[in-house]
Each structure stands twice: as structure tokens, then as C-alpha cells.
Amino acid sequence: MAEQTTAQHELASLVVECLNLESVTADQIDPDAPLFGGELGLDSIDALEIALAVSKRYGFQLRSDNPENRQIFASLRNLSEHVEQNRAS
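As a starting point, this report considers the structure included with it.

A few points about the packing of aromatic side chains
And step 1. Throughout the structure, instances matching the rule amount to one aromatic pair.
And step 2. Relative to Phe73, the ring of Phe36 has its centre 6.1 Å away and its plane inclined at 70 degrees; by these criteria the two rings are edge-to-face. Taken together, the residues Phe36 in the loop between α1 (6–18) and α2 (44–58) and Phe73 in the loop between α3 (69–72) and α4 (76–86) connect sequence positions 37 residues apart.
And step 3. Looking at Phe36, the relative accessible area reads 25%, which means it is partly exposed.

Put into C-alpha cells, the structure is as follows:
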């Protein structure tokens, strides 16, 4: 498993918290593993929950009609990079 950056760990903690994942800790989320269809078993409703939590925490919207969503939500690494590029200062 790849090492998480500080930003990835912060985002992983947010995912675990907002989805009430009881069998996974933030440290156990591989930054390169698929968020959906992988070990975490997340689905489209979880994506909406994550988008809402990211919006509240980082001050920008992850829009459901964004054609890049599949790429953005592909992994913790991709999501973290997107957050870092778009977060409000």
C-alpha cells in the first residue's frame, strides 16, 4: 500500500467519518485503490455523502453533473488532488 500524504489522510478521515465506516480506519485506505467497486464497497449514495462532506469542509461544490466525476472519485489520491486544486483558501 502506498503511503498517504497529510492531505490524503485528512480526506480519508473525512470519508470514514461521514460514511460511518466501522470496519475501516483512515490509515487503511490505500490512496491508489478504487473508492467504488473495491474493498470499501462504496456506492453512488456514498459518493453523494462524500461530495456533501467535501463541500462543507473545503468550501467548494463537487457537482453531480461534472463529466470528470468518474476520474475524480476513482481513488483517494485523485479525490485528494482535486480537493487540493479547488479548495477555498
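Concerning α4
And step 1. Within α4, burial applies to Leu76, Asn78, Leu79, Ser80, His82 and Val83.
And step 2. Summarising the contacts, the buried residues of α4 are in contact with α1, α2 and α3.

Focus: the packing of α1 against α2
And step 1. Interaxial distance between α1 and α2 falls to 10 Å at its minimum, and their mutual angle equals 125 degrees. Comparing the axis directions of α1 and α2 gives the class oblique. Here α1 runs over α2; the crossing is right-handed. Of α2, the residues touching α1 (which contributes Glu10, Leu11, Leu14, Val15, Glu17 and Cys18) are Glu49, Ile50, Ala53, Val54, Arg57 and Tyr58.
And step 2. For the contact of α1 with α2, the class distribution of residues is eight nonpolar, no polar and four charged.

Let's talk about the layout of surface pockets
And step 1. The calculated volume of the largest pocket comes to roughly 270 Å³.
And step 2. For the largest pocket, the lining is made up of 13 residues, of which Phe36, Ala47, Asn69, Arg70 and Phe73 are closest to its centre.
And step 3. If you list the elements that add at least two residues to the lining of the largest pocket, you get α2 and α3.
And step 4. Counting residues per element, the lining of the largest pocket draws most heavily on α2, which supplies four residues.
And step 5. When its residues are assigned to classes, the lining of the largest pocket shows eight nonpolar, three polar and two charged.
And step 6. Volume-wise, the second largest pocket comes out at about 170 Å³.
And step 7. Across the lining of the second largest pocket, the residue classes break down as seven nonpolar, two polar and two charged.

Reading the values: rules and limits
- Residues numbered from 1 in each chain as written.
- Predicted model: local features only at pLDDT ≥ 70, side-chain atom pairs only at ≥ 80, totals over all residues.
- Heavy atoms only, no water.
- Phe/Tyr/Trp six-rings, centres within 6.5 Å; stacked < 30°, edge-to-face > 60°.
- Helix = DSSP H or I, 4+ residues; strand = E, 2+ residues; numbered from the N terminus.
- Buried < 20%, exposed > 50% of the residue type's maximum accessible area, 1.4 Å probe, protein only.
- Contact = heavy atoms within 4.5 Å.
- Axes fitted to C-alpha atoms, helices over the stretch in contact; angles between N-to-C directions.
- Parallel < 35°, antiparallel > 145°, perpendicular 65-115°, else oblique.
- Left-handed = near helix turned anticlockwise from the far one by under 90°.
- Nonpolar A, V, L, I, M, F, W, Y, C, P; charged D, E, K, R; others polar.
- 1 Å grid on protein atoms, 1.4 Å probe; cavity = no way out; pocket = protein on both sides within 12 Å on 5 of 7 lines; lining within 4 Å.
- Points joined across faces, edges and corners; volume = space filled by probe spheres on them.

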